[in-house]
Amino acid sequence: MNISIIGMPLFYGCDKPGVEKGPEELRKNNLIDIFQENHTVYDLGDIEVEKVNAEAKFLSNPKLKYLDQVVTANNGLAAKVLTALENNTLPLIIGGDHSLALGSIAGASKFLGNDLAVIWIDAHGDINTDETSPSGNIHGMPLAASMGIGYNKLTSIFFDDFKIKPENVFILACRDLDAGEVALIDELNMNVWTNKDINDKGTTVVINELLSLIKEKNIKNIHLSYDIDCLDPEYVPGTGTPVNHGLSYNESKALLESILGTSLVKSIDFVEYNPDLDKNNRTKETCIELLKLISKTLK
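Cut-offs used in this document
Throughout this description, residue numbers start from 1 for each chain and increase along the sequence as written. In keeping with the predicted nature of the model, local features appear solely for residues at pLDDT of at least 70, side-chain atom pairs appear and are counted solely at 80 or more, and the whole-chain, interface and lining totals rest on all residues. Each side-chain value is worked out from all heavy atoms of the structure, with water and hydrogens disregarded. Only one rule defines a salt bridge in this text: a Lys or Arg side-chain nitrogen within 4 Å of an Asp or Glu carboxyl oxygen. Counting from the N terminus, the helices are the DSSP runs of H or I reaching at least four residues and the strands are the DSSP runs of E reaching at least two. The buried label goes to any residue with under 20% of its type's maximum accessible area, the exposed label to any with over 50%, and the partly exposed label to all in between, with areas taken from a 1.4 Å probe on protein chains only. Centres within 6.5 Å are what make two rings of Phe, Tyr or Trp a pair, Trp counting through its six-membered ring; a difference in plane orientation under 30 degrees is then read as stacked, over 60 as edge-to-face, and the rest as tilted. Only when the NZ of Lys or the CZ of Arg is both within 6 Å of the ring centre and within 35 degrees of the ring normal is a charge said to sit over the ring. DSSP bridges decide pairing: two strands pair if at least two such bridges lie between them.

**Examining the pattern of salt bridges**
No. 1: Under the counting rule described, the total for this entry stands at 13 salt bridges.
No. 2: For Arg-27, the salt bridge identified is with Asp-46, shortest N-O distance 2.7 Å. One end of the pair, Arg-27, is in helix α1 (residues 22-28); the other, Asp-46, is in strand β2 (residues 40-46), with 19 residues separating them in the sequence.
No. 3: A residue is classified by how much of its surface remains accessible, and Asp-46, at 35% relative accessible area, is partly exposed.

**Quick word on the packing of aromatic side chains**
Aromatic rings in a pair are described by how distant their centres are and how their planes are angled relative to each other.
No. 1: Summed over all chains, the structure comprises four aromatic pairs.
No. 2: Aromatic pair Tyr-12 and Tyr-66: ring centres 4.3 Å apart, planes at 25°, arrangement stacked. With Tyr-12 in the loop between β1 (2-8) and α1 and Tyr-66 in the loop between β2 and α3 (67-86), this pair connects stretches of sequence that are 54 residues apart. With respect to class, Tyr-12 is no different from Tyr-66; both count as buried.
No. 3: For the pair Tyr-226 and Phe-270, a centre-to-centre distance of 5.8 Å together with 10° between the ring planes defines the contact as stacked. Highlighted residues: Tyr-226 in strand β7 (residues 222-227) and Phe-270 in strand β8 (residues 265-271), separated in sequence by 44 residues. Phe-270 carries the same exposure label as Tyr-226, and that label is buried.
No. 4: When the ring centre of Phe-159 is taken as origin, the NZ or CZ atom of Lys-163, which lies over that ring, is 4.5 Å away.

**Looking at the pairing of strand β4 (residues 117-121)**
No. 1: Most of β4 is tucked away: five of the five residues are buried.
No. 2: On β4, burial covers both faces: Ala-117, Ile-119 and Ile-121 on one face and Val-118 and Trp-120 on the other are all buried.
No. 3: As paired elements, β4 and β7 share five bridges and run parallel to each other. The partner of Ile-121 across the bridge, within β7, is Tyr-226.
No. 4: Note: β4 against strand β5 (residues 169-174), four bridges, orientation parallel.

Put into structure tokens, the structure is as follows:
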């Protein structure tokens, strides 16, 4: 397979510095080699992110931190993702915080149109808006905005329309949902498997339910958005918003292998690794193992 690696050194979406160092740290630890072992790799470098002082975080909007910087960077990412897809490569976007999905999903949607599903593996739903977010951190909003819900500058990134149909969104492993997110899930009757569902039903049952829905809907293209905080903090202490009682490594491995094994995945996010918060390189080692797994399993 041909893979384009794109770095997104962005922390403005989570307002917690350090996560922007993720792409560089993973490159130093053989990111390119890991994928070159199994694929043809094009390193498209990093998206340029404007540097501003923390005092400017609410300059463009009183409810949304670093709004202009997040929007500009994601427009740049969307264009690069689109180019990667047009050149018959799979874009692998290395974060950076999860607000980068605004751009990656927009680029994928521009190329693939409505025949696109998003599988979102994350401790959080990331379906807040400027009205429901308790923090104003945009990394808690990209999935809602991609569905056309929320603040106009976020919903209109790259092109002025929704990027993904709510019925084609599949959220896995969430366990920290805000009240507004729960209300939206109920309103839209979204496809959600919480961490409790995975524990109660077992990983195999959840995987079978997910893959049955993908088949039933005749979905041909998947954007996989993987936030390392889906894992229990035991495996990933170096992430900005850890939530206890997460996936085990083996549960995450089973999910990834099953989803990637469909051969339908056309673009991937890998986000929220913060080297500054790591302990004894535990998170880095977990990320490297996950990336090796992705490289081996991609078809």
